[in-house]
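# Architecture at a glance
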Amino acid sequence: MTVAGSPKGTADSYTIDKLRATANYMRGLNLTALCSANSGHSGGTLGIMDICAALYLKIAHHDPSNPDWDDRDRIIWSAGHKAPALYTSLALSGYFPERELMKLRMLGSPFQGHPHRKDLAGVEISSGSLGQGFSVATGVALAAKLNKKDYRVFVIASDGEQQEGSMWEAAMAAAQYRLDNLILIIDKNRLQIDGETKDVMNIDSLVDKYEAFGWTVREVDGHCMEDIVKKLDWARNQNDSGKPVALICHTIKGRGVSFMENVVGWHGKPPNREQLDQALEELNLTDLIDADKLIAYGAEYQKKVETQLDKALPKFSRNFWWNESDNMKVEMDPTRKGMGRALDKYGDDERITCIGADISDSITISDFYKKHPERKSRFISVGVAEQNATTIAAGLAKEGKLPVFGTYGVFSSARNLDQLRVSVCYGDFNVFVVGAHGGVSVGPDGATHQELEALFQMTGLPNMRVAVPCDSIETERLTRILLFDVIGPKYLRFAREATPIVTKPDSPLKFGIANIHRFRGEADNFVDAFEIILSPEYRNENEDLTIISCGPETAEALRAAWILKTDFKIETRVINMHTVKPLDREAVIRAMTETRAVITAEEHQVGGLGNLVAAVMAESPGRDVKPAPFAMIGVKDAFGESGQPWQLIKKFGLAAEHIAERARNLLSL
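Scope of this entry: the structure provided in the associated data block. (Residues numbered from 1 in each chain as written. Predicted model: local features only at pLDDT ≥ 70, side-chain atom pairs only at ≥ 80, totals over all residues. Heavy atoms only, no water.)

### A few points about the overall build of the protein chain
From N to C terminus, the protein chain includes 24 helices and 22 strands. Taken over the C-alpha trace, the protein chain has a radius of gyration of 26 Å; the compact-globule value for 669 residues is 26 Å, and the two agree within 12%. Each principal axis of the C-alpha atoms in the protein chain carries an extent, and together these give about 80 × 55 × 50 Å. Split into buried and exposed, the 669 residues of the protein chain put 62% on the buried side. Residue pairs at least 24 apart in sequence account for 79% of intrachain contacts in the protein chain once pairs closer than 6 positions are excluded. Entry remark: accessible area of the protein chain is about 24,900 Å², with carbon and sulfur atoms responsible for 48%. The centroid of the 78 positive side-chain charges in the protein chain is displaced by 3 Å from the centroid of its 90 negative side-chain charges. (Helix = DSSP H or I, 4+ residues; strand = E, 2+ residues; numbered from the N terminus. Rg over C-alpha atoms; globule rule 2.2 N^0.38 Å. Buried < 20%, exposed > 50% of the residue type's maximum accessible area, 1.4 Å probe, protein only. Contact = heavy atoms within 4.5 Å. Areas by Shrake-Rupley, 256 points an atom, 1.4 Å probe, with all protein chains shown as cover. Lys, Arg positive; Asp, Glu negative; His and termini not counted. Charge placed at Lys NZ, Arg CZ, Asp CG, Glu CD.)

Next comes the structure, spelled out in structure tokens:
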């Protein structure tokens, strides 16, 4: 298929009626892909589908047979979380067969949880961090002007995204440089993760705001195909106005499916199979979409991925994987739940003020007030505005409050890094920052939401203390310690998915002091197979190996110790470095001098923990000791990708089997 403005174009074949029918079909295909993935965003993708059908099949100039055609229109998805709608639009345009959509969010497929331009033809930019695509599009439109090109730049943005300050920087620049080739499409469905946009952080009136910034603005009925086509066609073909165009499209989140329409909870939730069948029936698509066949195609692909991963995993005398043995059973619980439990338990302190950034339930910071309505006045929602949240926290701390600001780690440690550096750390304010969703085990959301760099950023900031708990119990306990015992800037990094519980509520724990875990023999419960001792109290046992780890990766280090002892009689000292800054230097030096080799293991870019340990080993002032052989386990200078959490642990070489294999090779030196 070729479409509008391409060398062969067939856009004229899409009548208004055909566009309506196609948009409806796209909704069903989109939901089937989400069901296949068991992950992704239903509500917003359904709401924007009429606009997508009109834009991709009727208005925009592009050619799937020549995706890099120089004169194509550029369609920039700033709202990258609506990627399934983008992929569905590309499939219907002819970029790839429709059934390929069933690989959505699966390991190794080009259909990442948030779009990546290197994976798939037709994807113009990699996106997912809200508010950035608009600025990229401004640059693309500027390039067109400089190159005297006549293509148009369409930007698809969400309404909650308007809460990001970078959106308004882009709006100013586009008007300043008279970018009348830039068309901003705002999907205004009035809902975001934390509730109605007007309640989270009111963005209205968008018409008045964009006009005040020097834009031409039109409002669009986002479900009236005639209105959509008319306004898009006008926006694309208006020339020499000197003003960029904003189309504010009023849509219904979950459009077309009764139980999804206008329901906040369907923002980032896929339908199960029963819900999919009901949705397809409501959309009158049961005869057009063979859900069984399509989902089976996705399942077969997933099976191949699993087979390849298992084949590549190092093998030992038996299957040591979690809960695969008759003994050594482990309970799983998300580390983020521990933070929520602590805020629920200790939140009565009137100084504590929590700051949410639109993903409050996801990271459990909303547990602060859920059972305690009297605390709601101390919960400040800033919407999608991480930089603002960070500096608000600094102001609160200045006046004696105990602010806790939390969001995904990619946003709380990077997007706001300058605010943390100057307003929090330089001022040395008592601000508690939470970075959730650390590591590749975040899973299907993909690289944009998998935080792998925070330890570089946070440990590099003067005055910042950094804790990375190993399980949900330790997360709860460290949250309390950071709230009340540690004064000054502090950062807590934890994961999303359920991970093994490897400590107990009465296990020794002191901020700044590492724990030593020693395998003492198999037990019914994994946690009972290990003795846990504070590092200064540990007596040297002349172990063969030390593994130094932090976060849920510590559980993999413990499992590696079990493998090494069982199969090779190798004794391992596992150091749980739950406090990464200040680092327990003495525990590192003792490991270097008392054991034959040292490995660091982290679910992070390699070196986040490893470089700090290596520096201590290299310095060791006043010690005439040759450093032990040393190696690092971590993500090797790469971004993550979509996939199931445990698949990604295997894919990126972070499993206990990889640690054990590396240990054997290192000890052979």
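### Some remarks on the environment of Pro 500
Within the element layout of this structure, Pro 500 appears in strand S15 (residues 498-500). Once the C-alpha coordinates of Pro 500 and Asn 323 are considered, the two residues, 177 residues apart in sequence, prove to be 10.0 Å apart.

### Structural notes on the pattern of salt bridges
Evaluation of the coordinates by the stated rule reveals 50 salt bridges. Of the charged contacts, one joins Lys 103 and Glu 100 as a salt bridge, the two residues approaching to 2.8 Å between their closest N and O atoms. Residue class for Glu 100 comes out buried when judged on its relative accessible area of 16%. The network of salt bridges with common partners includes Arg 518, Arg 520, Glu 531, Glu 541, Glu 543, Lys 565, Glu 571, Arg 573, Arg 590 and Glu 594. (Salt bridge = Lys/Arg side-chain N within 4 Å of Asp/Glu carboxyl O.)

### Digging into the pairing of strand S2 (residues 153-158)
Most of S2 is tucked away: six of the six residues are buried. The side-chain alternation of S2 yields two buried faces, one formed by Val 153, Val 155 and Ala 157 and the other by Phe 154, Ile 156 and Ser 158. Of the strand pairs in this sheet, strand S1 (residues 74-77) and S2 are connected by four bridges, and their pairing is parallel. Following the sheet pairing, Trp 77 is matched in S2 by Ile 156. As paired elements, S2 and strand S3 (residues 182-188) share six bridges and run parallel to each other. Its bridge partner being in S3, Val 153 is matched across the sheet by Leu 182. A crossover links S2 with its parallel partner S3, the connecting element being helix H6 (residues 165-176), and its sense is right-handed. (Pairing = 2+ DSSP bridges. Right-handed = clockwise from strand over helix to strand, strands pointing away.)

### Examining helix H10 (residues 273-282)
Every buried residue of H10 is listed here: Gln 275, Leu 276, Ala 279 and Leu 280. Looking down the long axis of H10, one finds its buried residues gathered within 135° of arc, a one-sided arrangement. Residues of H10 that are exposed and angled more than 90 degrees away from the buried face: Glu 274 and Glu 281. Where the residues of H10 are buried, they touch helix H1 (16-37) and helix H11 (291-312). A side-chain oxygen of the first residue of H10 lies 3.2 Å from the backbone nitrogen of Glu 274; this N-cap is Asn 272. Phi turns positive, to about 60°, at Asn 284, one or two residues after H10. (Arc of directions from axis to C-beta. Polar contact = N/O pair within 3.5 Å; in protein donor to acceptor, adjacent residues only side chain to side chain.)

### Remarks on the sheet that holds strand S7 (residues 245-250)
Spatially, five strands are ordered S1-S2-S3-S7-S6 in an open sheet, and the strand pairing comes out parallel. The open sheet has two edge strands with one neighbour each: S1 and strand S6 (216-221). Mean inter-strand twist for the sheet, computed between neighbouring axes without regard to direction, equals 20°. Sitting on the sheet, helix H5 (residues 133-146) touches S1, S2 and S3, and the angle it makes with S2 is about 170°. The strands touched by helix H9 (residues 225-237) within the sheet are S2, S3, S6 and S7, with S6 carrying the most contacts at an inclination of about 160°. (Axes fitted to C-alpha atoms, helices over the stretch in contact; angles between N-to-C directions.)

### Let's talk about the sheet that holds strand S13 (residues 465-467)
Spatially, the seven strands line up as an open sheet ordered S10-S9-S11-S12-S14-S13-S20, and their pairing is mixed. Across the chains shown, the open sheet's two edge strands, defined by having one partner strand only, are strand S10 (379-381) and strand S20 (579-581). Looking at each pair of strands side by side, their axes are set apart by 20° on average, direction ignored. Here strand S12 (residues 432-436) runs beside strand S14 (residues 490-493); their pairing, made up of four bridges, is parallel. Note on S14: the bridge partner recorded for Phe 432 is Lys 490. On the sheet, helix H15 (residues 386-398) packs against strand S9 (352-356), S10 and strand S11 (402-408) and is oriented at approximately 165° with respect to S11.

### A word on the packing of helix H21 (residues 585-594) against helix H22 (residues 610-619)
For the pair H21 and H22, interaxial distance at closest approach is 9 Å and the crossing angle is 65°. Classified by the angle between their axes, H21 and H22 sit roughly perpendicular to one another. As for the relative orientation of H21 and H22, their crossing is right-handed in sense. Contact residues: H21 offers Arg 585, Val 588, Ile 589 and Met 592, while H22 offers Val 613, Val 616, Met 617 and Glu 619. Classifying every residue of the contact of H21 with H22 by side-chain character gives six nonpolar, no polar and two charged. (Parallel < 35°, antiparallel > 145°, perpendicular 65-115°, else oblique. Left-handed = near helix turned anticlockwise from the far one by under 90°. Nonpolar A, V, L, I, M, F, W, Y, C, P; charged D, E, K, R; others polar.)

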